[in-house]
Amino acid sequence: MVAKQVLEPELEKHFHPDSYGYRPGKSALDAVGSARKRCWKNDWVLDLDIKGFFDNIDHELMMRAVRTHTDESWVLLYIERWLMAPVEMQDGTQMNPQKGTPQGGVISPLLANLFLHYAFDKWMEREYPTISFERYADDAVCHCENQAQVEKLKQDLEVRMKEVGLELHPEKTKIVYCQDDTRRENYARTSFDFLGYTFRPRRSKNYLDKHFINFTPAISNKAAKRIRQISWDWNWPIRSDKQLEDLARMFNSAIRGWINYYGRFYKSALYPTLRVLNRRLVMWATRKYKRLRHHRRRARHWLDRIARKQPNLFAHWRLLHVSAG
């Protein structure tokens, strides 16, 4: 942490404004919002995936980048030691890594950003200054004007990544056409995932209440599935010793976090996942109250009455009540 506190202010002076990961004053939602606007302006996206990024960072290039920004001998010494620190395998043997940065270390995200600052950000500025991008750690999207440009960028980035000891994932790196009402080219791939959001053509409504097809982000299927799994792991039905207010206190912070993050863009796509939480509560109610046992419909009505009387009890109730109204 001390090394990070010494390095970070110096590196922040040089980092690219479209690098969003693990930086003060920047967030994943900022990156999603920027990508959303640029998808409206540019027809094509290159969705990048670097194969095994954290495990394949070149130590020599990493230390060269660190030395560019500090000559503090103790900082250089400890970073080199952290990079070279032996890793204990499952069978108890130790391995001395020749590349990669230890994941979970407090300074690792800063080092990863520094590596990609030179490997990607500065290279893009130099070779493709007109192409905008958003990068969150090793997850990045680039916005291109036409198909020829995006295909050329993909080819050049494959070469660039090899130069710095990395590799674009051959299946997960994709060219995407940002299809909407005004873009009607026939291209196979018209969606991509970025930071828990899926960008794709969606039915939207303008300020005149007219519907149109808009290329925009909403919660991804993968993120929604993760939320449903987490809420299942809470084991609502077996908590019959708890009151409704107890459950709200236990789980509201997580629910509120999901709403704040995944409800920022195209909020209605989040509603089906939030309704799953109510179904979990119905299961709980049928276990807790004898009069509701084996009567899920009656339990739903009971829960709905409470939600209308106390819409602020659960973090998602007001949202669903308003949307339903």
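Structure report, in brief.

Calculation rules
Residues numbered from 1 in each chain as written. Predicted model: local features only at pLDDT ≥ 70, side-chain atom pairs only at ≥ 80, totals over all residues. Heavy atoms only, no water. Pairing = 2+ DSSP bridges. Helix = DSSP H or I, 4+ residues; strand = E, 2+ residues; numbered from the N terminus. Axes fitted to C-alpha atoms, helices over the stretch in contact; angles between N-to-C directions. Contact = heavy atoms within 4.5 Å. Left-handed = near helix turned anticlockwise from the far one by under 90°. Nonpolar A, V, L, I, M, F, W, Y, C, P; charged D, E, K, R; others polar. 1 Å grid on protein atoms, 1.4 Å probe; cavity = no way out; pocket = protein on both sides within 12 Å on 5 of 7 lines; lining within 4 Å. Points joined across faces, edges and corners; volume = space filled by probe spheres on them. Buried < 20%, exposed > 50% of the residue type's maximum accessible area, 1.4 Å probe, protein only. Polar contact = N/O pair within 3.5 Å; in protein donor to acceptor, adjacent residues only side chain to side chain.

## Observations concerning the sheet that holds strand β5 (residues 139-144)
Part 1: Strand order in the open sheet made by the four strands is β4-β5-β1-β6, with antiparallel pairing throughout. Strands at the two margins of the open sheet, each flanked by one partner only, are β4 (132-136) and β6 (174-177). Sheet twist, expressed as the average angle between the axes of neighbouring strands with direction ignored, equals 20°.
Part 2: Packing of helix α5 (residues 108-127) onto the sheet brings it into contact with β1 (44-49), β4 and β5, and relative to β4 it is tilted by some 170°.

## Here we look at the sheet that holds strand β7 (residues 192-194)
Each strand in a sheet pairs with its neighbour through backbone hydrogen bonds, running either in the same direction (parallel) or in the opposite one (antiparallel).
Part 1: Strands sit in the order β7-β8-β9 across an open sheet of three strands; the sheet is antiparallel. At either end of the open sheet lies a strand with only one pairing partner, and these are β7 and β9 (211-219). Sheet twist, expressed as the mean angle between neighbouring strand axes with direction ignored, is 50°.
Part 2: Pairing of strand β8 (residues 197-205) with β9 involves nine bridges; the strand directions are antiparallel.

## As for the packing of helix α1 (residues 2-12) against helix α4 (residues 73-84)
Part 1: Here α1 crosses α4 at 115°, and the two axes come no closer than 11 Å. Crossing handedness for the pair α1 and α4: left-handed. Contact with α1, carried on its side by V2, A3, V6 and L7, involves W74, V75, I79 and W82 of α4 and no other residues of that element.
Part 2: Broken down by class, the residue content of the contact of α1 with α4 amounts to eight nonpolar, no polar and no charged.

## Overview of the layout of surface pockets
Part 1: Roughly 600 Å³ of internal volume is contained in the largest pocket.
Part 2: In terms of lining, the largest pocket is formed by 19 residues, of which the most central are D139, D193, L195, G196 and K222.
Part 3: Residue composition of the lining of the largest pocket, grouped by class: eight nonpolar, two polar and nine charged.

## Quick notes on the environment of D180
Part 1: For D180, the position within the fold is in the loop between β6 and β7.
Part 2: A residue is classified by how much of its surface remains accessible, and D180, at 13% relative accessible area, is buried.
Part 3: Each C-alpha atom, one on D180 and one on S268, is 19 Å from the other, the two residues being 88 residues apart in sequence.
Part 4: Residue contacts for D180: discarding those within four places in its chain leaves I213, N214 and F215.
Part 5: A polar contact is formed between the side chain of D180 and the backbone nitrogen of T182, at a distance of 2.9 Å.
Part 6: Reaching out from D180, the side chain makes a polar contact with the backbone nitrogen of R183 at a distance of 2.9 Å.

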